[in-house]
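# Descriptive analysis of the structure
So you can see what is in the structure, the chains are spelled out below.
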Amino acid sequence: MTAALSIAEILDLPALVPLWPTVGKALGLAESTTYQLAAENRLPGDLEVIRLGRRRVVRTIDLHRFFGLLPGNSETAAEATAAVSSEHPTSPDLKAQEASAQ
């Protein structure tokens, strides 16, 4: 079994992500299951698989919508944004952390 992606990791993804490992791990699926569901057009949340040559990708915005992470869409989005902010502090926060570490 593969480790699922955290909400913070999902929010940090680029516009298009590969079907495997990114989408599969975000959904908590095994590689073979991910490709099988995509081939049968049965991915959860009606995620649309886009073929780019031999690659299969999914729009990150669709993943965000599936997980309810669109800004202003739910309380989960606010909580996830706060989690990302705490994982990626801004410049003043970094300076404060560096000062307190010394």
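Residues numbered from 1 in each chain as written. Predicted model: local features only at pLDDT ≥ 70, side-chain atom pairs only at ≥ 80, totals over all residues. Heavy atoms only, no water.

In this section: the nonpolar core. Residues V17, L19, V23, L27, L29, L37, A38, L43, L47, V58 and L63 constitute the largest nonpolar core, which totals 11 residues. Residue assignment for this core shows that the elements contributing at least two residues are α2 (19–27) and α3 (31–39). Of the residues forming this core, the biggest block, three residues, is contributed by α2. In this structure L27 touches L43, P44, L47, F66 and F67, once residues within four positions along its chain are discounted. (Core = buried A, V, L, I, M, F, W, Y, C linked by side-chain atoms within 4.5 Å. Buried < 20%, exposed > 50% of the residue type's maximum accessible area, 1.4 Å probe, protein only. Helix = DSSP H or I, 4+ residues; strand = E, 2+ residues; numbered from the N terminus. Contact = heavy atoms within 4.5 Å.)

What follows is about the packing of aromatic side chains. Per the stated rule, a full pass over the model turns up one aromatic pair. Geometrically, the ring pair formed by F66 and F67 is edge-to-face, given 4.9 Å between the ring centres and 75 degrees between the ring planes. Residue classification places F66 among the partly exposed positions, given a relative accessible area of 34%. (Phe/Tyr/Trp six-rings, centres within 6.5 Å; stacked < 30°, edge-to-face > 60°.)

Moving on: the pattern of salt bridges. For the structure shown, the criterion picks out four salt bridges. E48 is the salt-bridge partner of R59, the closest N and O atoms lying 3.2 Å from each other. Pair noted here: R59 is in strand β3 (residues 55–59) and E48 is in the loop between α3 and β2 (49–52), with a separation of 11 residues, a long-range link. Between R59 and D62 there is a salt bridge, with the nearest N and O atoms lying 3.0 Å from each other. (Salt bridge = Lys/Arg side-chain N within 4 Å of Asp/Glu carboxyl O.)

Along helix α4 (residues 60–67), the residues that are buried comprise T60, D62, L63 and H64. Against α1 (7–11), β1 (16–18), α2 and β3 lie the buried residues of α4.

Locating T22 in the fold gives a position in helix α2. Ignoring anything within four residues of it in the chain, the contact list for T22 reads L5, L13 and V17.

Pairing of β1 with β3 involves three bridges; the strand directions are antiparallel. Directly across from V17, in β3, lies its bridge partner V58. Here β2 pairs with β3 via four bridges, running antiparallel. Of the residues in β3, the one forming a bridge with R51 is R56. Hairpin connection of β2 to β3: two residues between the antiparallel strands, including G53 at a positive phi of 65 degrees. (Pairing = 2+ DSSP bridges.)

By themselves these figures say nothing about function.
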